[in-house]
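# Geometric and topological summary
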Amino acid sequence: MILRTSVFSLLIVSLAACNSQANDWREQWQRLFSESCNHCHDTDTDTNLDLTAIGFDLRQPAEFKRWELIYDRVVAGEMPPADEPPLSTDQRLQLGQLLGGKLSAQNLNARLGVGRVPVRRLTQTEYTYTLQDLLHIEGDFDSSLPDELDSGSFDTLATNQRISAVHVEGYLAAADQALSSAIQLGSNPHQVAFTDYAWLAEWHDKPLSLGGSVTRPLEKGIALFAEADYLTHFAIEIRTPGRYRFQALLSAFQSPDNLTAKVILKGQSGSAELLKSVELSPNRPYLLDVEAFAEPGDRVYLTPHISSIEAFGGLTLSGGSKNYRGPGLAIHYQVAEGPLFTAWPPESTQWLLDECQLQSQQADSLGPFEVEKPSDAESQLTKAVQRLAPRVFRKPVPASQLQSLLQPGLQALRDGSDYVQALQVTLRGMLCSTEFLLLSGSPGELDDFALANRLSYFLWKSMPDDELLRLAALGKLRDADVLSSQLERMLSDPKSQRFVRDFTGQWLRLDKINATTPDDNLYPEFDELLSNSLRTETELYFAHLIDENLSLDNLVDSDFTFVNHRLATHYALPGVEGTYFRKVPIPIDSPRGGLLTQAAVLKTTANGTVTSPVARGNFVLVSILGTPPAAPPPAVGSIEPDTRGTTTIREMLAAHRNIESCNQCHQEIDPPGFALESFDPIGGFREHYRALGKGSGFFAQFSSKTYHQGPVVDSSGITPEGSEFSGVQQYKQLLLDRREQIAQNFASQLVIYATGGDIEFADRQEISKILDKTRDTGFGIRDLIHEVVRSPLFTQL
Amino acid sequence: MKSIDRRSMLKATGVGLALPLLDAMHPACGASTVQPPTRMIFVCTTLGLHGPNLWPKTEGAEYETTPYLKLIDEHRGQFTLFSGLQHEDQTGRQPHDSEMTWLSAARKPGVGGFRNTISVDQLATQQVGDHTRFRSISLGTLKPQSQSYTNGGVMIPSQTSPAELFSRLFLKGSPQQLRAQRQRLKEGKSILDQLQSQSQSLGRKVGPEDNHLLNDYYQSVRDAETRLLEAESWLDKPKPKVDLDPPNDIADPADLIGKTRLMIDLIPLIVQTDSTRVISLMVQDHFVVPKVDGVTGNHHNLSHHGQDKSKIEQLAKIESGIVGCYGEFLSQMRAQPEGDSNLLDNSMILFGSNLGNANAHDARNLPILLAGGRFQHVGYCKQPEGTPLCDLFLRMLQEIEVEVDSFGQSRGVLSW
């Protein structure tokens, strides 16, 4: 299904014409079917469409979908195919007008009194951020909630969301966990711990085979020569979840070149997160300072980034660390402190217990604290709930509702619970209620509060802040200038990073980037530093397009990107030192530029071992162009990868494309995939495939490599329109010719993501208007966001 | 080993529970007429099983053994290996999306507008879930993903910690913990009450057509309340005692086989104590090189062997470990007498994968091994290619007395 702009202009005409010829649309279309379609689309069809059995009741969602598909394919001129009697442009127009009017009318009719967007709930991401922002706490509280289901679109899309008893039980548990974390009345758990290296004494000389001999004592501190996770951890024992600070004085030891040091947080379950990496220059000590959220059981350690083969080879040869001359990481001292709270009891506690008198049990007022028994607990609870409810529900709460909210708390007081317990029960109930969990509004224009919520869940993935709520209360938020300046404010707030991460994560599927791990033997260069750099590039890049209001064309091609040293090496971009990211120009002869050639996208669209033009082509059609190919017929299998280095996937696909029913879609899917064949599963540029093993030939026997050069990559192709391209650079130029299509998809994706309502047939016109208003700036990304927010698709339910 | 404390069981039955009588109790009750319950157990290894190492060349009970079947040959006569079974239309948005639909057979997993449907195990709980402390138990080796989906297509998170599971099943908890649990339940009830009453006031504002989510919400609150009441009633009943030390969790994700074994070892205990009658276990890719002798690649990459011989050899080592766990599990179930037979006879145990050929992500011709459950087992049984796996699910549902005449993509009841 390929949809072009002509469809849009047509639609506008068709809306005007929809009533006059309402009655004979069925007849006219049926005439077309019998003349040009039924040869293939009859009861014996191999396709998913049998036109002899098609129904005409557009109120049936399945029928509606079928007719929408027919509309798109016929109006775009893709159907009927070339070997059937052709349709004149006039015929096409007329058929389109007839059907388009019907489809729009049905769409709008179905929404009467309901609105475009059904009630939706907070996604798992939004739920977590909201709890954090509301209660002033950190950490994940969604472990008891079921994962969001992958249903082919954004997790915000209302029609795909579910709520089950599993959710309700999860919400009860998560609220409990969050409130316990927010109310801290014990002693201030803050501690400072220096690492004492004395315990390492026995490890310096222990045999390598027992894990020793990779460190050496220095006058001040130690040197570590290989990557190890059990020798250099910070001495702090983390008992309370919170932010911790890790500092160390580091230098590159015996290292003629720069040396990279890593700070890694190891979780109890064995997970490892790279908190930071720094590049150390020889003879220049570096003061490391990292802050991170940590939970009980987490340990943080320091390690050099050194190839383990070289390190252990060298250490073995020199008989251990004592006489080793190779590079290592010198750690002169390391110290950790935390949890870091700006006040004690923490802000979260003070906010929730504002009505209470807290008494420190110690003279130093560091706690533990006792909550003074209120003289009238019921009225104090009422006061607290009055104060908290509008924040929890993100809008004013009528008095009648307050009474109902109070019930569980009052019951608890009557049953003998103390004030804090009663408050906790009340809040737990509120955090499980529809007002907290769901986003809704009334049909028509959103009221100020609903608008504030839609805005802030779009760009912050969380509740509106005081300013938004204040403007909503004043009734000013719907004023176009106010809305626009709020949008500017929100985009410059660091919280908009959440939008960048979540949106690129879902739109480009980057949240699945680690679903596969590259084969160590085929891609030994894929290391932790590279793996951690991939998403950062795309996120910085996308954020930059927003910040600078750069053209949408940059999604396809650009003359700059964001890299650090490791990624620059991967891309063969010279002159980039250090582990921090920066904007760099892309040389004219480099194949990079745009999203498609970023390693994050290239890795996500491969499976770790091999690339598939089908998977990548499908990605371009779905995510960039918004023209997903039809699903393969039920009986079709998939291509069986063969990495022995004899056949290429292109050769296998060629056989596939000789079958007409396959070719219908594969002529669309394969070309972008072929263009991207120049990139391996980790996003490296290649001219040859890699094959496993040393390979054959005279020199192979001396090779220590775990792979050898396979067949030559052919990244040329021909688009269904007949344009040839020799590789990815030319393909990108062809793709840019479809700018309008890309803009239409991008705007649609933004609207779906931001509102939770799908783009239906009748909404295409509003999308066109967004494009009309942004075309002059070349579809500036920031402009597009502004116009999406101004659009009735956003400001109305 | 693993005997049950009779007194605690008697106490449990004393409070009017329709608990089936376990073998250990027969002398005390003399109720040999009581039939042991039927159980349903599903074990999925999500990266498939390498076909050539699994399928025999010859059919029937006297099949010519294969590298994988050799590992369970001692159970010949107790199981049937099927070929030709599948769910149709499993090309998902992501190549491994058929994981979601192995037990539900919903079409086009993950593709636009996809919504999962109830899984076969959860459908069975509607018949047998009320009799046990847990309606069903879903287990995972790596993350809380499971293949159990509710009526509305929501995944039930799996339990991944054998230690925690053991404690929930068999450990009594201190009086303090019990008190806290009781308090929690009470608070939960009062919160859910309040949320219910809110629905009445909201009901007027929001029309019924407003959308499914609100309806879902209130239905879920009611369901959660029912479950809370159930949990409360079980709180007063002593948990079964077992002669076994609580297991220690294995933290190292590389110990794929160890983790699988630790989890699967708990199943005979769960069955024997009738803690639930419906269990699903998902053995997943652990994203690291598994600690198996001679294996240097990670499990997923090896599954995409691309016909490379050395990769297939390594893959076979991992898969043999998993099939081996299944074999040991069958032995344990057979060794435990129950009624006039043993646990295996009273349990339908289906082991297999959502992928028929992981190298190509092909979800057809799935490896499916059915053991136990008083079926007439025939060794290797070739079904016509494309036979719905749901036909077998339907057969199992009928065995456990769920009154349905179709499930998912079923066309009939599988017989062999």
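Residues numbered from 1 in each chain as written. Chains lettered and ligands numbered in written order. Predicted model: local features only at pLDDT ≥ 70, side-chain atom pairs only at ≥ 80, totals over all residues.

The next point concerns the overall build of chain B. Secondary structure assignment for chain B yields 12 helices and 9 strands. When each of the 416 residues of chain B is scored for burial, the buried share is 51%. (Helix = DSSP H or I, 4+ residues; strand = E, 2+ residues; numbered from the N terminus. Buried ≥ 20, exposed ≤ 12 C-beta atoms within 10 Å, placed from the backbone.)

Turning our eyes to something else, we now look at the interface of chain B and chain A. Taken residue by residue, the interface counts 61 residues in chain B and 60 residues in chain A. Broken down by secondary-structure element, the contributors of at least two residues to the side of chain B that touches chain A are α7 (175-205), α8 (212-235) and α10 (299-303) of chain B. Classifying every residue of the side of chain B that touches chain A gives 19 nonpolar, 26 polar and 16 charged. (Contact = placed C-beta atoms within 7 Å. Nonpolar A, V, L, I, M, F, W, Y, C, P; charged D, E, K, R; others polar.)

Moving on, we come to the sheet that holds strand β9 (residues 379-388) of chain B. All names here are of chain B. Strand order in the open sheet formed by 7 strands is β3-β4-β1-β7-β8-β2-β9, and the pairing between neighbours is mixed. The strands lining the two open edges of the sheet, one partner per strand, are β3 (137-140) and β9. Each adjacent strand pair in this sheet contributes to an overall mean axis angle of 15°, direction not counted. Bridge count between strand β1 (residues 39-45) and strand β7 (residues 347-352): 6 bridges; the pairing is parallel. Within β7, the residue paired with Phe42 across the bridge is Leu350. Taken strand by strand, helix α5 (residues 120-128) contacts β1 and β4 (278-283), and its axis lies near 160° from that of β4. Packed onto the sheet, helix α12 (residues 389-399) meets β1, β2 (79-86), β7, β8 (368-372) and β9 and runs at close to 115° relative to β9. (Pairing = 2+ DSSP bridges. Axes fitted to C-alpha atoms, helices over the stretch in contact; angles between N-to-C directions.)

In this section: helix α15 (residues 466-473) of chain A. Residue and element names in this part refer to chain A. What α15 keeps buried is the set Leu468, Leu469, Leu471 and Ala472. With its buried residues spanning 160° around the axis, α15 presents them on a single face. Turned more than 90 degrees away from the buried face of α15, the exposed residues are Asp466 and Glu467. Packing partners of the buried residues in α15 comprise α14 (448-459) and α16 (480-492). Just past α15, the residue Gly475 takes up positive phi, approximately 70°. (Arc of directions from axis to C-beta.)

Residue and element names in this part refer to chain A. The buried fraction of strand β9 (residues 299-304) is high, at 5 of 6 residues. Pairing of strand β6 (residues 259-266) with β9, which is carried by 6 bridges, proceeds in the antiparallel orientation. Within β9, the residue paired with Val263 across the bridge is Leu302.

In the predicted model, chain A carries a mean pLDDT of 90, and the fraction of residues at 70 or more is 95%. Below a pLDDT of 50 lies the segment residues 1-22 of chain A, which in the model reaches 43 contacts outside its immediate sequence neighbourhood of four places, other chains included. (pLDDT = per-residue confidence, 0-100.)

Below, the discussion takes up the nonpolar core. A general trend in soluble globular proteins is that nonpolar side chains are found buried together. Residues and elements named next belong to chain A. Of all hydrophobic cores here, the largest spans 231 residues; its most connected members are Ala747 and Val788. Setting aside its immediate chain neighbours within four residues, Val788 contacts Ala747, Leu750, Val751, Ala754, Ile770 and Phe794. Residues Tyr197, Phe225, Leu280 and Leu315 belong to the second largest nonpolar core, which totals 36 residues. (Core = buried A, V, L, I, M, F, W, Y, C linked by C-beta atoms within 7 Å.)

Our focus in this paragraph is the environment of Glu403(B). Residue and element names in this part refer to chain B. Mapped onto the fold, Glu403 is located in the segment after α12. Looking at Glu403, the number of C-beta atoms within 10 Å reads 8, which means it is exposed. Between the C-alpha atoms of Glu403 and Gln127, which are 276 residues apart in sequence, the distance is 8.5 Å.

All names here are of chain A. The contact between α14 and α15 brings their axes to 8 Å, and the two run at 155°. One way to sum up the angle between α14 and α15 is to call them roughly antiparallel. In the crossing of α14 with α15, the sense of the turn from one axis to the other is right-handed. Across the interface between the two elements, Asp448, Phe449, Ala452, Leu455 and Ser456 from α14 touch Leu468, Leu469 and Ala472 from α15. (Parallel < 35°, antiparallel > 145°, perpendicular 65-115°, else oblique. Left-handed = near helix turned anticlockwise from the far one by under 90°.)

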